[in-house]
Amino acid sequence: VDVNGDMGDPQDLLKEFSPSTATFAKRAALPVLSRQTLSANAELLRSTCEHIGFFYLVDHGLEEKLLRAQNALRKFFLQRDEVKAKV
């Protein structure tokens, strides 16, 4: 999670990545891998894990799930106390 907002847009980092040569732009602090391409490029994942140890995974869908959960919590807490007490 980029709490400080200083990593920039992960999609921009992904564009700077060259899967064919497994090189990364100098400004990218972590390799950026896409979940959509991991199965097609297992060697890249293995190499990244062996030589770097960390990577930034995009296209994982987690943000959508978190937003849905956050909306459900918001709806719950906006209800009257009597309704919340029943849970």
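The structure displayed is predicted, hence computed values, not measured ones.

## Observations regarding the packing of aromatic side chains
And step 1. What the rule picks out here adds up to one aromatic pair.
And step 2. Taking the centre distance of 5.0 Å and the plane angle of 80 degrees together, the rings of Phe76 and Phe77 count as edge-to-face.
And step 3. Assessed through its relative accessible area of 25%, Phe76 is described here as partly exposed.
And step 4. Given the relative accessible area of 53%, Phe77 is considered exposed.

## A closer look at the confidence of the model for the chain
And step 1. When pLDDT is averaged across the chain, the result is 75; 68% of the residues are at 70 or more.
And step 2. Least confident of the elements in the chain is helix H1 (residues 10–15), whose mean pLDDT is 58; most confident is helix H5 (residues 81–85), at 91.

## Brief notes about the pattern of salt bridges
And step 1. For the structure shown, the criterion picks out five salt bridges.
And step 2. Note that Glu64 is salt-bridged to Arg68, the shortest N-O span being 2.9 Å. Residue Glu64 and its partner Arg68 are both found in helix H4 (residues 62–77); the two are separated by four residues, about one turn of the helix.
And step 3. When salt bridges that share partners are traced, they join Glu43, Arg46 and Glu50 into one network.

Reading the values: rules and limits
Residues numbered from 1 in each chain as written. Predicted model: local features only at pLDDT ≥ 70, side-chain atom pairs only at ≥ 80, totals over all residues. Heavy atoms only, no water. Phe/Tyr/Trp six-rings, centres within 6.5 Å; stacked < 30°, edge-to-face > 60°. Buried < 20%, exposed > 50% of the residue type's maximum accessible area, 1.4 Å probe, protein only. pLDDT = per-residue confidence, 0-100. Helix = DSSP H or I, 4+ residues; strand = E, 2+ residues; numbered from the N terminus. Salt bridge = Lys/Arg side-chain N within 4 Å of Asp/Glu carboxyl O.

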